Amino acid sequence: MENIRTIKSLSNKQICFVKRLYLENSFFGGVVCYTRSLSDTYKMNIKKRSKEELYLYQYEEDEYPKDELDIAILNALKIDYQNIVCKTSLQFFDAELEENLRWKDQREVITSRIQIEEMVEAVNTPFATPLTCPRRTSFLTIEIYFLKGLKFDRAKAGAVRLYPCNTAKYEKLERLINNTYSVFSNNK
């Protein structure tokens, strides 16, 4: 008798989007990997298809959610890595979680941070051009995975990256980080 495996859906807490940012546009370089929780605003944007297409179809990258936080992470990394490619997947079943855990176990990880700065205009300066300066700063922890034993520039990958933004965007990023973002190592 064959071993038949039952695939089960994950709990609501475990269902998430897995974002992989391939830093060097290859499967051999570093990969920033994180998860995002589903929410009313962070959801799929699926194109209309026939019933036949639905059975054979893989989603395109633009059908997965992307918001200000994803864009901020991407833009902060693009300073050092211009050829980033994003690949998103939905983790819904236990088999997908197991595959993600295997992927993670095959790699080493470096932790880095993105410094998000709320930039405001300085008042009463003697300069003709308005100056901006940081008011509040927060740090977003990111994880960069790479294949074990592979030559990879750890110093460059581990550098802190700066992402300046206005007050409204800063506050929105803070909400998104606190409510929907998680480092990939927390994916269990």
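Summary of the structure given here. (Residues numbered from 1 in each chain as written. Predicted model: local features only at pLDDT ≥ 70, side-chain atom pairs only at ≥ 80, totals over all residues. Heavy atoms only, no water.)

Section: the packing of aromatic side chains
And then number 1: Summed over the entire model, instances satisfying the criterion amount to 9 aromatic pairs.
And then number 2: Plain terms: the ring middles of Phe-17 and Tyr-42 are 5.7 Å apart, the flat faces sit at 80° to each other, and that makes the pair edge-to-face. Here the residue Phe-17 occupies a position in strand S1 (residues 16–22), and Tyr-42 occupies one in the loop between strand S2 (31–37) and helix H1 (51–56), the gap between them amounting to 25 residues. Taken individually, Phe-17 and Tyr-42 each receive the classification buried, so the pair is uniform in this respect.
And then number 3: An angle of 85° between the planes, with centres 6.3 Å apart, marks the rings of Phe-17 and Tyr-64 as edge-to-face. Here Phe-17 is found in strand S1, whereas its partner Tyr-64 is found in the loop between H1 and helix H2 (68–78), with 47 residues between them in sequence. Each of the two residues, Phe-17 as well as Tyr-64, counts as buried. (Phe/Tyr/Trp six-rings, centres within 6.5 Å; stacked < 30°, edge-to-face > 60°. Helix = DSSP H or I, 4+ residues; strand = E, 2+ residues; numbered from the N terminus. Buried < 20%, exposed > 50% of the residue type's maximum accessible area, 1.4 Å probe, protein only.)

Side note on the pattern of salt bridges
And then number 1: Evaluation of the coordinates by the stated rule reveals 12 salt bridges.
And then number 2: A salt bridge links Glu-118 to Arg-135, with the nearest nitrogen and oxygen atoms 3.5 Å apart. With Glu-118 in strand S4 (residues 107–121) and Arg-135 in strand S5 (residues 132–147), this residue pair connects regions lying 17 residues apart in the sequence.
And then number 3: Judged by relative accessible area, which is 0%, Glu-118 ranks as buried. (Salt bridge = Lys/Arg side-chain N within 4 Å of Asp/Glu carboxyl O.)

A short note on the environment of Asn-45
And then number 1: Relative to the helices and strands, Asn-45 is located in the loop between S2 and H1.
And then number 2: C-alpha separation for the pair Asn-45 and Glu-63, spaced 18 residues apart in sequence, amounts to 4.6 Å.
And then number 3: Sequence-distant contacts of Asn-45, defined by excluding residues within four places in its chain, comprise Asp-62 and Glu-63. (Contact = heavy atoms within 4.5 Å.)

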